[in-house]
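Letter by letter, the chains look like this.
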Amino acid sequence: MPLRLPASAKERLKSRAVPVRSLCLTMHRSALFTLLLTAPAAAAELEYYRDIFPFLKANCIVCHNKTTTKADLNMETPELMRQGGEAGTALIPGKGADSLVVIAARHLQDYEMPPANNKSGAVKLTDEEIALLERWIDQGAKATKREERVVAWQAPAPGVQPIYAVALTRDGRYAACGRGNRLFVYDLATQELAAELMDPALGAGGAHRALVQALAFSPDGAQLASGSFREVKLWRLEPAAATAAKAVAPADPDLVRKLAAAAKVTTVGQAALSPDGKQLASGCSDGAVRLWDRPTGKVALELRGTLATQRRSAELQWTREAQGLEETFQKTEVTRIEAQDKALDELLKKAREAITAMTKAVPEKQKAVPPATAKLEEASKALAEAEAKLAAEPPAARADPARLKEIKDLEDKRLTAQTNADSARAAVEAAESNRRDAEEEVQRITRAKTDNAKRLAAARGAAEAAKKAQDAAATYLAALAKPASDPVPTANAFSPDGRRLAALFADGTLRVWATATGRLIEEASGETGLELQAAADGAFLAVRRLQTGGRPRWRLERTLGGEAAPELLVDRVNALAFSPDGRMLATGGGELSRGGDLHLFAPADGRLLQTWKDRHDDTVLSLAFSPDGRQLASGAADKMAKVSVVADGKILRVFEGHTHYVAGLGFRADGRVLASAGADGVVLVWDLLAGERKKKIEGWTKELTSLQFLGAGNRILTSAGDNRVRIVTDEGAEVRALAGLPDFQQAAAGSADGAWLVAGGEDSRLRVWSGSDGKELAVFEAASADKASARRP
């Protein structure tokens, strides 16, 4: 029988002038193997990953791998095959013919691997492949180092610019989005592109070589992490360098007086006209800076306040919402405990009734014991006498049926008496036991009611304290909202592009507002000394110089993984999350369908702190730190959500319930609730205290792609493939739906207070909304000239 050799073996034999054709035409298989093994080329050892793995992968490993381990056998490595499965070891080094993997491949001894008509499309190994497999085992089934996969990078097509990830700073100032492999940061206050982030090593090739899959800002907004294939890049926000400035010409005094008279205000200091001449800014005697629309003569913005009051207002709003959530929780606890107490009262009533009934029943039951005992003694005595009398009779008399029947009747009477006596005593014992059980039940219920009384008092006290905190925050907020007697503005100036307006106040403070939104974005105070300036006519002027920063810039600080450490991060990095204190960065990814890995880094210096290998059975898609930073939730393509302890990696909770992958996760601000968004089109809300599902929220027609709790309350922001960005409560009520979007929404994010919302998707547009009313504020799109532009609605 001729032996068919694989092409690679033929080539090796030809290279050494071995006449393959003559060897294969007439010789018997055993003789042929003898000749082949004596040839120098055939003596070369086979390599597992080069010669064996390719055909095993397609036809054996497809069913016997880490994820799908049929018959408990994993064939991905020689070591795992030696470990074997349900039928024992799959290979015996040096004994190919006796190895189970070869026997099964030849369909011998009732083994048929792979089976016919299997769902994986695996086919029976060819004779050549089986021969190679057997020979490799005969050579010792040695493992060889697997060659690293070499990635051949190609630039994404120009039209491939989907937004797969978005991020927003806690204060809502900056928004980031990835478009393809490019990364953009926008200033939402001024509604302009702040920067396109580029890796200098890539030139104008973008931020990453592959698509941007994940983004996260640090809590202070000074760092931005971006995740892509096998790498995470950390970008640092740096203040702008000082630039040359020039004097600002004052606005026409007559125009200022005209506008001020129409608005019935008194202007002070130097007014300024915007570069396009459409707006005029002037300080007023009440301490406000007013921005007029010149064509209509109406006040467009009234600018007040300081960064300190702005931050204080945000803190108070957070406190009010958090305490409102706390009050609601504690009131719910009060209701629950009161309901439990009501049920305990019913049980206590029944237990006391049982004690009364059993106390009355015991004497009654006891009365039946003496008569029953006497009858038992009487029956026992009669039986004993009859048996003694019968024993004294001759053998013939003892066999008399009548005498035997008499004994049998006496035995039956004694048995009945015994049963009655036992029942009487058992009735007494049961009554006494029931009374004891009822007495213990009363004690247990009494203890539970005592504990409940303490918990009830604590819950009522906590609810009352939360209400007082809310009221105090509301009072402070109302006071902050009242116009203060601020120092009057002495001068105003627009930036050259008209997006910023600066005002200098009498106390030496310089404030800068964004003219598009009226948001205070910068503040500087104090004096830096005198600066001597020389005029063209030879005069000298001593001025005090005070400067704010211009547009900040982003710098690539470091890369985690990447080409320098390709083994660190496996495949795509799908999820990123900073810890609340900003000292830790979590990354989630893993090899698709094989495992989900988590890594914890120190973003300050890039140190790897922890690795949780195979935390999930499939790639990790979402991450979220608990508010106190002690726990980390992870969601994956294995349809699971898990909560782990950050300090030691211990798994605290495993939540099952989604029927598709978990794309988004978020902790509620009080840390008591976790929400998960799935590709099954539902949001599941989990009670972390009880470890069980609290609510299932439906209403999406396609997969959800992201989830985030907004503010300190129970509002949840989601994005989905049904062209909607939707806000719901964790009880399932819809707060707002931003519907009618033109395309699949891949990601959404909100500021810490929920005042700013952004989302992006397949159409490459980053949309910005007001969180309070859902009004669209801006749309940033990638223009054909490789520049992002803002389109205001």
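Anything mentioned here points back to the structure above.
Keep in mind that this is a model prediction, so the values were computed, not measured. Residue positions are counted from 1 within each chain, in the order its sequence is given. The predicted origin of the model limits local features to residues at a pLDDT of at least 70 and limits the giving and counting of side-chain atom pairs to 80 or more, whereas totals for whole chains, interfaces and linings rest on all residues. Note: side-chain values were computed over all heavy atoms of the structure, leaving out hydrogens and water.

**Student:** Explain the packing of aromatic side chains here, please?
**Tutor:** To describe a pair of aromatic rings, you give the distance between the ring centres and the angle between the ring planes. Aromatic pairing here means that ring centres of Phe, Tyr or Trp (its six-membered ring) are within 6.5 Å. Orientation follows from the plane angle: under 30 degrees is stacked, over 60 is edge-to-face, and everything else is tilted. This structure, assessed with the given rule, holds ten aromatic pairs. Note on Tyr-49 and Phe-53: the rings are 5.4 Å apart at their centroids and 55° apart in plane angle, and the pair reads as tilted. Of this pair, Tyr-49 and Phe-53 both sit in helix 4 (residues 48-59), four residues apart, which is roughly one turn of that helix. For a lysine, the NZ atom is tested; for an arginine, the CZ atom; a charge sits over a ring if that atom is within 6 Å of the ring centre and within 35 degrees of the ring normal. It is Arg-672 that lies over the ring of Phe-329; its NZ or CZ is 3.6 Å from the centre. Over the face of the ring belonging to Trp-700 we find Arg-726, whose NZ or CZ atom lies 4.3 Å from the ring centre. Put simply, DSSP marks the helices as runs of H or I at least four residues long and the strands as runs of E at least two long, and each gets a number from the N terminus on.

**Student:** How should the sheet that holds strand 25 (residues 640-645) be read in this particular structure?
**Tutor:** Backbone hydrogen bonds hold the strands of a sheet together, and the pairing may be parallel or antiparallel. Strands are treated as partners if at least two bridges between them are detected by DSSP. Taking strand neighbours across the sheet as the criterion, the four strands line up as 23-24-25-26 in an open arrangement whose pairing is antiparallel. Each of the sheet's edge strands pairs with one partner strand only, and the pair in question is strand 23 (620-625) and strand 26 (651-656). If you compare each strand with its neighbour and ignore which way they point, the axes differ by 15° on average. As paired elements, strand 25 and strand 26 share five bridges and run antiparallel to each other. Bridging from a neighbouring strand, Ser-644 pairs with Ile-651 of strand 26. Between the N-to-C directions of two axes lies an angle of 0 to 180 degrees, each axis being a line fitted to C-alpha atoms and, for a helix, fitted only over the stretch in contact.

**Student:** Help me understand the pairing of strand 12 (residues 489-494), please; the structure alone is not making it clear to me.
**Tutor:** The side chains of a regular strand alternate, residue by residue, between the two faces of the sheet. Two elements, strand 12 and strand 13 (residues 500-505), share five bridges in a ladder whose sense is antiparallel. By the bridge assignment for strand 13, Asn-492 is matched with Ala-503. Taking the residues between adjacent antiparallel strands as the criterion, strand 12 and strand 13 are bridged by five residues, where Gly-498 takes a positive phi near 75°.

**Student:** Can you help me understand the nonpolar core in this one?
**Tutor:** A general feature of soluble globular proteins is that nonpolar side chains tend to end up buried together. One finds Tyr-48, Ile-52, Leu-56, Met-75, Met-81, Leu-133 and Trp-136 to be the most contacted residues of the largest nonpolar core, which totals 23 residues. Going through the elements one at a time, helix 4, helix 6 (100-105) and helix 7 (127-138) are the ones with two or more residues in this core. Contacts are assigned to residue pairs that have any heavy atoms within 4.5 Å of one another. The residues contacting Trp-136, other than those within four sequence positions of it, are Leu-46, Tyr-48, Ile-52, Pro-78, Met-81, Leu-91, Ala-141 and Lys-142. The criterion is simple. A nonpolar core is a set of buried Ala, Val, Leu, Ile, Met, Phe, Trp, Tyr and Cys residues joined through side-chain atoms within 4.5 Å. Three exposure classes are used, based on accessible area relative to the maximum for each residue type with a 1.4 Å probe and protein chains only: buried under 20%, partly exposed in between, and exposed over 50%. Judged by nonpolar contacts, the second largest core, of 16 residues, contains Ile-163, Leu-168, Phe-184 and Leu-188.

Purely spatial values, then, with no claim about function.
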